[in-house]
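# Chains, contacts and geometry: an overview
What follows is each chain in one-letter form.
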Amino acid sequence: MKRLIIFGECMVELRTQHGDTMAKSFAGDTYNTAVYFKRCLPVSSISYLTAIGADFLSDELILTMGEHEINTDLVFRSTERNLGLYMIRNDNQGERTFAYWRAQSAATQTINLMPDDNISADWFYFSGISIAILDNAQRENLFSLIKKLKTQGCKIAFDPNYRTRLWEDEDIAQHWTTRAYQESDLAFPGADDHLMLFRHTCADDIFAYLEDKNITEVVMKNGAIGVHILAQQEQCIVPVEHVSAVVDTTAAGDAFNAGFMAARLSGKPAVESASFGAKVAATVITYPGAIIPSGIFSSHITP
Ligand code: ADP
């Protein structure tokens, strides 16, 4: 059984339904990937590494993670901070506006709260958001943890998921994103992230930049345009099936990564894994919200 650790922040999501009525759920880029990975590959063991508060919403998150069959052995508690929160408002034109309350969230203290125990896994997955929410001392400690995991044979997967407002400035974001790539065996650059952070305008720019980073497999997402894969100096493009009724693209990339990894870690070839990831993402974007109900999700990998 594959053991995966996914590190990051899960927040309370409040979404406008009608008038002032809001629906509450839990979401966050790496958390979304954890949920969809487990759904795609139920035989896997997956632990979410994060910190939560002592508040009642944190307790509810633990219960929800249990329902998703995500292990909570690496969820640590802060006595001083609560879960982060974000709110989405949908206007009549289908435009979405986000507001965040996350600067003081418990997850920003995850590495400080984590005991110096030995943890082990086959794969460790994190994102640019996972790094951005930490202070510099914790970022260094995170990379020490990653190096230690690697010496034990653990593989590293990374998605840059660049969010300007979470970083002190662009240079710092570039520095840590580059360091993360240098440690990665599998990377999921997004075309939009690289355009914003590095001004890369095409797959060739991204692959040229990643060339000396020693990444075994680079899987570049570019919305409906297709997925570019670079492995062993060979490039290929995997087409993405057109989705005519896109409802909400929240978590598309997170779901894609989950599907790709579930297939790849089960021994499927990269191209087949990308097609499966795209299929998972295509389902997720035809429903509202980051986490779609499990009853309408039927993508499983048969190892
Ligand atoms: P991110 O969310 O990381 O920015 P993308 O927007 O590139 O990532 O989307 C991730 C994946 O979701 C794509 O590789 C594709 O498989 C799928 N996807 C996103 N938008 C669409 C769309 N309009 N039609 C079909 N598939 C899509």
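A short tour of the structure in this document, coming up. (Residues numbered from 1 in each chain as written. Predicted model: local features only at pLDDT ≥ 70, side-chain atom pairs only at ≥ 80, totals over all residues. Heavy atoms only, no water.)

Before going further, it helps to spend a moment on the overall build of the protein chain. Per the secondary structure count, the protein chain includes 10 helices and 13 strands. Seen through its C-alpha atoms, the protein chain measures out along the principal axes to roughly 50 × 45 × 40 Å. Within the protein chain, counting contacts between residues at least 6 apart in sequence, those at least 24 apart form 70% of the total. The centroid of the 25 positive side-chain charges in the protein chain is displaced by 3 Å from the centroid of its 37 negative side-chain charges. (Helix = DSSP H or I, 4+ residues; strand = E, 2+ residues; numbered from the N terminus. Contact = heavy atoms within 4.5 Å. Lys, Arg positive; Asp, Glu negative; His and termini not counted. Charge placed at Lys NZ, Arg CZ, Asp CG, Glu CD.)

Here we take up the packing of helix H6 (residues 170–183) against helix H7 (residues 191–198). Their axes nearest at 10 Å, the elements H6 and H7 cross at an angle of 130°. For the element pair H6 / H7, the angle class is oblique. Contact residues: H6 offers Glu 170, Ala 173, Gln 174, Thr 177, Thr 178 and Tyr 181, while H7 offers His 194, Met 196, Leu 197 and Phe 198. Here the residues of the contact of H6 with H7 sort into 5 nonpolar, 4 polar and 1 charged. (Axes fitted to C-alpha atoms, helices over the stretch in contact; angles between N-to-C directions. Parallel < 35°, antiparallel > 145°, perpendicular 65-115°, else oblique. Nonpolar A, V, L, I, M, F, W, Y, C, P; charged D, E, K, R; others polar.)

This part is about the layout of surface pockets. In this structure, the largest pocket spans a volume of roughly 1200 Å³. Sorting the residues of the lining of the largest pocket by element identifies helix H1 (29–40), strand E7 (96–101), H7, helix H9 (252–265) and helix H10 (270–284) as the ones contributing at least two each. Residue classes in the lining of the largest pocket are distributed as 22 nonpolar, 10 polar and 11 charged. In terms of lining residues, the second largest pocket is bounded by Phe 207, Ala 208, Leu 210, Glu 211, Asn 214, Ile 215, Thr 216, Val 218, Leu 230, Ala 231, Gln 232 and Gln 233. Those elements that provide at least two residues to the lining of the second largest pocket are helix H8 (203–210) and strand E12 (227–231). Per-element tally for the lining of the second largest pocket: the top contributor is H8, with 3 residues. (1 Å grid on protein atoms, 1.4 Å probe; cavity = no way out; pocket = protein on both sides within 12 Å on 5 of 7 lines; lining within 4 Å. Points joined across faces, edges and corners; volume = space filled by probe spheres on them.)

With that settled, consider the sheet that holds E7. Pairing within the open sheet is mixed, and its 4 strands lie in the order E3-E2-E6-E7. One side of each edge strand has no neighbouring strand; the edge strands of this open sheet are strand E3 (21–27) and E7. Sheet twist, expressed as the mean angle between neighbouring strand axes with direction ignored, is 25°. Relative to E7, strand E6 (residues 85–90) is paired through 6 bridges, and the arrangement is antiparallel. Bridge assignment links Arg 89 to a residue of E7, and that residue is Thr 97. (Pairing = 2+ DSSP bridges.)

The next thing to look at is the site of the ligand. If you check the shell around the ligand, you find 15 residues, and the closest are Lys 221, Gly 223, Val 240, Gly 253 and Ala 281. Here an oxygen atom of the ligand and a side-chain polar atom of Lys 221 are 3.4 Å apart. At a separation of 3.1 Å, an oxygen atom of the ligand approaches a polar backbone atom of Gly 253. If the ligand stood free it would expose 560 Å²; the protein chains cover 82% of that surface. In this structure the site holding the ligand corresponds to the largest pocket. In terms of residue count, H9 provides more of the shell around the ligand than any other element does, 3 residues in total. When its residues are assigned to classes, the shell around the ligand shows 10 nonpolar, 3 polar and 2 charged. (Near = heavy atom within 4 Å. Polar contact = N/O pair within 3.5 Å; in protein donor to acceptor, adjacent residues only side chain to side chain. Areas by Shrake-Rupley, 256 points an atom, 1.4 Å probe, with all protein chains shown as cover. Sits in = over half its atoms within 2 Å of the grid points.)

So, on to the pairing of E6. The pairing of strand E2 (residues 11–18) with E6 spans 4 bridges and is parallel. Its bridge partner lying in E6, Glu 13 is registered against Tyr 86.

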